[in-house]
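# Chain and residue survey
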Amino acid sequence: MGVFDIYLLEALINGVLLGGVLALLSLGLNLVFGVIDVVWICYAELIMLGMYAMYFLASVYHAPLLLAAALSIAAVGVLGVLLHVLVIAPLLGAAPINQLLATGGVLFFLQSAATILFGIEFKNLGLRLPVLKVAGMFISYSRLLAFAAALIGMVLVYLFLSRTYTGAAIRAIAQDRQIMTLMGVDSRRIYVITSALGGGLAGLAACLLVLQYDVHPFVGLSFGPITFLICVLGGLGNFLGGFVAAFVFAEIISVGGLYLDLEWGYVFAFAFFIAMMFVRPQGLLARRS
Amino acid sequence: MLQLTGVRAGYGSFQALFDVSLEVRAGEAVGVIGPNGAGKTTLMRVISGLIRPTAGQLTMEGVDVLATPPHRIVELGIAHVPESRRLFPRMTVEDNLKMGGFAPAARAKFRQRLAVVYELFPRLRERRRQLAGSMSGGEQQMCAIGRALMSEPRLLLLDEPSAGLAPVVVDHVFALLGTIRAAGVTVLIVEQNVQQVLRVVERAYLLKAGRIRAAGAAGELLDGARLREAYLGV
């Protein structure tokens, strides 16, 4: 029984560590949706490109890891701005389905472009980070690092949103888009800044995921859907809801995977999602409308 | 101060304003009255840049408002308290006020403007960390007016400030107008509460079906036949 408890504790801790990264993933998507009212279906593909950026900078060009990470984050931030300016901005007045289809198109474009440019081989950084052994439990160092970096990233975003004028405008625009003009805010500028921030968060997520997973053109499929589900479960555009939902999901995956195979964790998580959609379709922390 | 000449505006193919000309002089309080759907809110939106007119001129202290990007009109000294307040409900009172002082010039004076607004509305200081959406209607109206005053406007546009408020709160809001004017702010106010607004403004325009039907001193309009005609159709 004692051994069993340690496994459970290990799974719970791993769930928290996974939750931090999932929370970071959902924050970028939520931010863009909350502010611009557009869902970046191709969000996970931006992460895929960020992982390739990390791979090329660190493994091929042998840049120091921190420099490679900074450059990758900046590069995906620029991609976010390009996505907004080239695809989203011209469609802002269009029907939501057109925006979904357009960013969905970008998803396949990026997947195909990555296949042509980088091939379909799985690539990785070749890092072998140690595994910590604490009180009989095994905790992966790379997961710990990813969790810490995700937390730092989220704290920085929180400080930006709560302390700066631009951050206040980002929160305000998510609540009342039409009157921003009266406040002296150029909404188009806020959209571009938000896209850069959303892209930057995807870039940070890419740096953390590439520590644990191989990169290939279709890697977005392994965490894109779960990111969307977390955002929907938390209430699309609700930052706090997304944060809570990420940890709920991560614990279900981690603890669920403990009793059967790892894949069963995902089965439980998605079943939970479907059940929740019946009970609370507006999301876990939905506001009264 | 504010001059509108032959302004036409609308939404899509629907025209809401027909050749509206109107003037507000510095230091005045001017009312715009008229029945529901007369175009009063559209008029306010045209002045603050929320919608662009299809024809006509609009100047503020000699500056062409229509040549100014909409988000920079607040920097011309025009602040608009929109209909039904439109606060950011899930932001604190102080964050709402911060948004009102978003323009670069206002940011530099944030502390000073905040002190002015809190002096006018001590209730807002007490509630500064409270979410704006959780306050009473009257407090929200104070917050909306305070937010507009953060940009240090010379002209304040008030759209139906008494709507949805209890009578005793309405009296309070109208009393506040005197304080705001004493601070040197010119006021253009749109109201359905005709009797009350005509007692606090010097002049008023009667708007009906998108056209100015009458203009004059508040006292004249108060017992004028034109008013009865506009509202009762007799």
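Quick caveat: nothing in here was measured; it's all calculated off a predicted structure.

## Side note on the overall build of chain A
On a plain count of helices and strands, chain A comes out with 10 helices and 2 strands. The order of helices and strands in chain A, counted from the N terminus, is α-α-α-α-β-β-α-α-α-α-α-α. Relative to the 2.2 N^0.38 estimate, which gives 19 Å for 289 residues, the radius of gyration of chain A is 19 Å and therefore close to what a compact globule would have. Projected onto the principal axes, the alpha-carbon positions of chain A cover approximately 65 × 50 × 35 Å. Per-residue burial over chain A gives 47% buried out of 289 residues. Partitioning the contacts of chain A with sequence separation of at least 6, the portion at a separation of at least 24 is 77%.

## Concerning the overall build of chain B
Scanning chain B for helices and strands turns up 10 helices and 10 strands. A globule of 234 residues ought to have a C-alpha radius of gyration of about 17 Å, and chain B, at 17 Å, matches this closely. Counting only C-alpha atoms and orienting by the principal axes, one finds that chain B spans roughly 50 × 40 × 30 Å. Here chain B holds 234 residues, and the buried ones make up 44% of them. For chain B, restricting intrachain contacts to residue pairs at least 6 apart in sequence, the fraction spanning at least 24 positions comes to 68%.

## Section: the sheet that holds strand S5 (residues 63–64) of chain B
Residue and element names in this part refer to chain B. Ordered in space as S2-S1-S4-S5, the 4 strands form an open sheet in which the pairing is antiparallel. In this open sheet, the two strands that pair with only one neighbour each are strand S2 (14–24) and S5. The sheet contact formed by strand S1 (residues 2–11) and S2 spans 7 bridges and is antiparallel. Looking at S2, one finds that Gly-10 is bridged to Gln-15. Against the sheet, helix H1 (residues 40–48) makes contact with S1, S2 and strand S4 (55–60), and its axis sits at roughly 65° relative to S2, the strand it touches most.

## Brief notes about the sheet that holds strand S8 (residues 186–191) of chain B
All names here are of chain B. The strand order S6-S7-S8-S3-S9-S10 describes an open sheet built from 6 strands, whose pairing is mixed. Only two strands of the sheet have a single partner each, and these edge strands are strand S6 (78–81) and strand S10 (211–217). Averaged over neighbouring strand pairs, the angle between their axes works out to 15° when direction is ignored. As paired elements, strand S9 (residues 203–208) and S10 share 6 bridges and run antiparallel to each other. Directly across from Leu-206, in S10, lies its bridge partner Ala-214. Across the face of the sheet, H1 comes into contact with strand S3 (29–33), S6, strand S7 (155–159), S8 and S9 while running at roughly 150° to S7. Along the sheet, helix H7 (residues 167–182) makes contact with S3, S7 and S8, crossing S8 at roughly 155°.

## A few points about the interface of chain A and chain B
Between chain A and chain B, the residue contacts involve 14 residues of the former and 23 residues of the latter. In the side of chain A that touches chain B, the residues fall into 8 nonpolar, 3 polar and 3 charged.

## Remarks on the nonpolar core
In a soluble, globular protein the nonpolar side chains are often hidden away together inside. Residue and element names in this part refer to chain A. Residues Met-51, Met-54, Ala-205 and Phe-249 are the most contacted members of the largest nonpolar core, which totals 157 residues. No other element matches helix H1 (residues 2–36), which puts 14 residues into this core. In contact with Ala-205, other than residues within four places in its own chain, are Val-21, Leu-24, Leu-25 and Ile-47.

## Focus: the packing of helix H8 (residues 220–234) of chain A against helix H9 (residues 239–259) of chain A
Residue and element names in this part refer to chain A. Here H8 crosses H9 at 125°, and the two axes come no closer than 7 Å. As far as their axial angle goes, H9 and H8 are oblique. For the crossing formed where H8 meets H9, the hand is right-handed. Contacts between H8 and H9 pair Ile-226, Ile-230, Cys-231, Leu-233 and Gly-234 from the former with Gly-241, Gly-242, Val-244, Ala-245, Ala-246 and Phe-249 from the latter. Here the residues of the contact of H8 with H9 sort into 8 nonpolar, 3 polar and no charged.

## Re the environment of Ala-38 of chain B
Residue and element names in this part refer to chain B. Within the element layout of this structure, Ala-38 appears in the loop between S3 and H1. Under the C-beta neighbour-count criterion, Ala-38 is labelled buried, with 24 such atoms within 10 Å. For Ala-38 and Arg-211, which are 173 residues apart along the polypeptide, the C-alpha to C-alpha distance reads 7.8 Å. Once residues lying within four places of it in the same chain are set aside, the contact partners of Ala-38 are Leu-207, Lys-208, Ala-209 and Gly-210.

## Quick look at the confidence of the model for chain A
Note that predicted coordinates carrying low pLDDT should not be read in detail. Looking at chain A as a whole, its pLDDT mean stands at 90, while 97% of the residues score no less than 70. When mean pLDDT is compared element by element in chain A, helix H3 (residues 65–88) of chain A scores highest at 97, while strand S2 (residues 137–140) of chain A scores lowest at 82.

## Considering unusual backbone geometry
All names here are of chain B. Phi at Asp-19 takes a positive value of approximately 45°, unusual for a residue other than glycine. Positive phi, normally seen in glycine, also occurs at Arg-85, with a value near 70°. For Arg-85, the location among the structural elements is in the loop between S6 and helix H2 (93–100). Accessibility expressed as a C-beta count within 10 Å gives 22 for Arg-85, which makes it buried.

## Quick word on the confidence of the model for chain B
Within chain B, residue pLDDT values average 92, and 96% of them lie at 70 or more. By mean pLDDT, helix H10 (residues 225–232) of chain B is the weakest element of chain B at 64, and S6 of chain B is the strongest at 97.

## Here we look at the packing of helix H5 (residues 141–163) of chain A against helix H7 (residues 187–212) of chain A
Residue and element names in this part refer to chain A. For the pair H5 and H7, the least separation of the axes is 9 Å and the interaxial angle reads 170°. The angle between the axes of H5 and H7 places the two elements in the roughly antiparallel class. Taking contact as the criterion, the partners of Ser-142, Arg-143, Leu-145, Ala-146, Ala-149, Ala-150 and Gly-153 in H5 are, on H7, Leu-201, Leu-204, Leu-208, Leu-211 and Gln-212. Here the contact of H5 with H7 is built from residues that sort into 8 nonpolar, 3 polar and 1 charged.

## Brief notes about the pairing of S7 of chain B
All names here are of chain B. Counting buried positions along S7 gives 5 out of 5 residues, so the element sits mostly inside the fold. Burial along S7 is two-sided: Leu-155, Leu-157 and Asp-159 facing one way and Leu-156 and Leu-158 facing the other are all buried. Considered for its hand, the β-α-β crossover made up of S7, H7 and S8 is right-handed.

## Here we look at the environment of Val-35 of chain A
All names here are of chain A. Mapping Val-35 onto the fold places it in helix H1. Through-space distance from the C-alpha of Val-35 to that of Phe-278 is 27 Å; in sequence the pair is 243 residues apart. Sequence-distant contacts of Val-35, defined by excluding residues within four places in its chain, comprise Ile-170, Ile-173, Ala-174, Ile-190, Tyr-191 and Thr-194.

The rules behind each value
- Residues numbered from 1 in each chain as written.
- Chains lettered and ligands numbered in written order.
- Predicted model: local features only at pLDDT ≥ 70, side-chain atom pairs only at ≥ 80, totals over all residues.
- Helix = DSSP H or I, 4+ residues; strand = E, 2+ residues; numbered from the N terminus.
- Rg over C-alpha atoms; globule rule 2.2 N^0.38 Å.
- Buried ≥ 20, exposed ≤ 12 C-beta atoms within 10 Å, placed from the backbone.
- Contact = placed C-beta atoms within 7 Å.
- Pairing = 2+ DSSP bridges.
- Axes fitted to C-alpha atoms, helices over the stretch in contact; angles between N-to-C directions.
- Nonpolar A, V, L, I, M, F, W, Y, C, P; charged D, E, K, R; others polar.
- Core = buried A, V, L, I, M, F, W, Y, C linked by C-beta atoms within 7 Å.
- Parallel < 35°, antiparallel > 145°, perpendicular 65-115°, else oblique.
- Left-handed = near helix turned anticlockwise from the far one by under 90°.
- pLDDT = per-residue confidence, 0-100.
- Right-handed = clockwise from strand over helix to strand, strands pointing away.

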